[in-house]
Every structure is written in structure tokens, then in C-alpha cells.
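Structural overview for review
Each chain, letter by letter, is given below.
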Amino acid sequence: MNKRTIIPLTIIVAALVAVGIYVKISLDNLDGDIEQTKQLSNNILDHFKGDKSVKDYPYQPSTVDWKADYLVLKEGGYEDGINITYTKDFNEKLGTEANFPGNKAKGVVVIGYDMVEKGVYKSKLGNDEKAYQRNYIIRYFDLSKKAIIAQDTLYGDDPASTKRLNDAGVGGGLPSDDAVVNSIKKRLQ
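Because the structure is predicted, anything quoted here is derived from the model rather than measured.

Counting secondary structure elements, the chain contains four helices and five strands. Each helix and strand of the chain, placed in order from N terminus to C terminus, yields the pattern α-α-β-β-α-β-β-β-α. Put simply, the chain has 189 residues, and 34% of those count as buried. A fraction of 65% describes how many contacts in the chain between residues 6 or more apart in sequence connect residues 24 or more apart. Surface exposure of the chain reaches about 11,700 Å², of which carbon and sulfur atoms provide 52%.

Structure representation (C-alpha cells):
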């Protein structure tokens, strides 16, 4: 083989290996989060079992005064009958992982996913495809009040103005993890 063949081939192999490693790490983290979700305190799990989701609880605005006595969860579950998922990564970034499994937690921060229609893409054939902005809704659920006491929406990127044929998505990117962490820190100060 000559250098013209080896260099592109090496780049392709390196890219495939990097993608494989990323997918493996992501799946391992998800499996760990699912296992930890099963171990959460009944103080938390009892609020989100069966078909009960954080959105089913009333919104009663008040001050979030939990200090660091909370855990961060994601809306939706991977385990039957549990509609939240523990997020080790966010809890580590916020310094709340010591609260696991949540026996003494005063509340939980539940990160939910949302999309807002922002327009329509027109294909060359004249077909319409909606364009969305992807967002996170961060709900602060007080365990003793059994209510959402605060809520923030973090808006992602606006969708691109055009959709290329090879684009997999029809929306802008989600807010970054740093934006989520900073928003939670700001609310809980």
C-alpha cells in the first residue's frame, strides 16, 4: 500500500474506533444510571411509580430552599413502572451524589425534554417537514409538598434555516450540560 491509501484508511479506522468508544461509554453510563435508579429511596420512587410523572403534580410556586439536599433525575424511565432516571453525571457535577439514594433529600430536580415547532422545511418535491427547537424543562419537585415549586426552561439552538438531505434531525441542538448545571446552581443559590 502507498501513503495515499494508508493515511485516509488510518483516519477512517481511528474515527470508527472513537465512535465505538463513545457509544460504549454512553451505554455503560446509561446502564449504571438505570441500576442506581432502582436503588433510589422510596421517599423518591413512590412519587414516580406506575403512570405517575412529575407533570402530574400541581405547580405551586415557592422558594427552593433545599441547599444541597436534593438529587437530579431525568424525566422518563428505562425501568418498567419507574418514570424517572437517576443521572450520576449531573449529580457529580452539582456535588449532590452524596445524597444518593435520597433518604434525606428534600426535593428532586427533574430534567424533561420538550420541543417547540419553529417553522416548516420545504423539500424539493414540495413536501412539508416541521422544524423544531429542542429544549429542557427543569422542574423542582418538593417531596414533602408533593408539588413542583419552581420551573425553568432552557432553550436549545434554533433549527437550521434549511434541511439538507443527509441531515438526520429536523431541529436545533439541545442546551449543553454546562447550561443545565449552571441553571440549577443559579436557582438553588
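Time to look at the sheet that holds strand β5 (residues 147-155). Here we have five strands laid out as an open sheet, ordered β2-β1-β3-β4-β5, and mixed in their pairing. The open sheet has two free edges, formed respectively by β2 (84-86) and β5, since each of these has just one partner strand. With direction set aside, neighbouring strand axes in the sheet form an average angle of 35°. With eight bridges connecting them, strand β4 (residues 128-142) and β5 associate as antiparallel partners. The residue bridging Asp142 from the neighbouring strand is Ala147, located in β5.

Here we come to the pattern of salt bridges. Close approach of charged atoms allows side chains of opposite charge to pair. Per the stated rule, a full pass over the model turns up 11 salt bridges. In this structure, Lys106 engages Asp69 in a salt bridge whose closest nitrogen and oxygen atoms are separated by 3.8 Å. With a gap of 37 residues between them, Lys106 in the loop between α3 (88-94) and β3 (107-122) and Asp69 in the loop between α2 (42-45) and β1 (70-75) connect regions that are remote in the sequence. Here Lys93 and Asp177 are joined by a salt bridge, their closest N and O atoms 3.7 Å apart. Of this pair, Lys93 sits in helix α3 while Asp177 is found in helix α4 (residues 177-187), placing the two residues 84 residues apart along the sequence. Under the relative-accessibility criterion, Lys93 is labelled partly exposed at 36%.

To continue, consider the side chain of Asp142. With respect to the element layout, Asp142 can be found in strand β4. As a buried residue without a salt bridge, Asp142 has its nearest oppositely charged side chain in Lys145, at a separation of 4.9 Å. Setting aside chain neighbours within four positions, we find Asp142 in contact with Trp66, Lys106, Gly107, Ala147 and Ile149.

With that settled, consider the packing of aromatic side chains. This model, assessed by the stated rule, comprises six aromatic pairs. Members of the aromatic cluster, connected to one another through ring pairs, are Phe48, Tyr57 and Phe141. Over the ring of Tyr57 we find Lys52; its NZ or CZ atom is 4.8 Å from the centre of that ring.

What follows is about a nonpolar patch on the surface. A contiguous nonpolar patch, built from Tyr113, Met115 and Leu174 and spanning about 270 Å² of accessible area, is present on the exposed surface. Topologically, Tyr113 is positioned in strand β3. A relative accessible area of 45% means that Tyr113 is categorised as partly exposed.

Reading the values: the criteria
Along each chain, numbering runs from 1 in the same order as the chain's sequence is written. Per-residue local features of the predicted model are confined to residues with pLDDT of at least 70, and side-chain atom pairs are confined, for both listing and counting, to 80 or more; whole-chain, interface and lining totals are unaffected and use all residues. Calculation of side-chain values draws on the structure's entire complement of heavy atoms; hydrogens and water are dropped beforehand. Each helix is a run of DSSP H or I of at least 4 residues and each strand a run of E of at least 2, with the numbering of both proceeding from the N terminus. Working definition: with a 1.4 Å probe on protein chains only, accessible area under 20% of the residue-type maximum means buried, over 50% means exposed, and in between means partly exposed. In this analysis, two residues are considered to be in contact whenever any of their non-hydrogen atoms come within 4.5 Å of each other. Each accessible area is a Shrake-Rupley result for a 1.4 Å probe, and residues are judged covered by the shown protein chains and nothing else. Strands are treated as partners if at least two bridges between them are detected by DSSP. Inter-axis angles, ranging from 0 to 180 degrees, are taken between N-to-C directions of lines fitted to C-alpha atoms, where helices are fitted over the stretch in contact. By salt bridge we mean one thing: a side-chain nitrogen of Lys or Arg within 4 Å of a carboxyl oxygen of Asp or Glu. Only four residue types enter the tally: Lys and Arg on the positive side, Asp and Glu on the negative side, with His and both chain ends excluded. Pairing of aromatic side chains here covers Phe, Tyr and the six-membered ring of Trp, requires ring centres within 6.5 Å, and sorts the geometry by plane angle: under 30 degrees stacked, over 60 edge-to-face, intermediate tilted. Here, over-ring charges are defined by two tests on the NZ atom of lysine or the CZ atom of arginine: distance to the ring centre within 6 Å, and angle to the ring normal within 35 degrees. Candidate patch residues must exceed 30% relative accessible area and have no salt bridge, after which like charges are joined if within 9 Å and Val, Leu, Ile, Met, Phe, Trp or Tyr side chains if within 5 Å.

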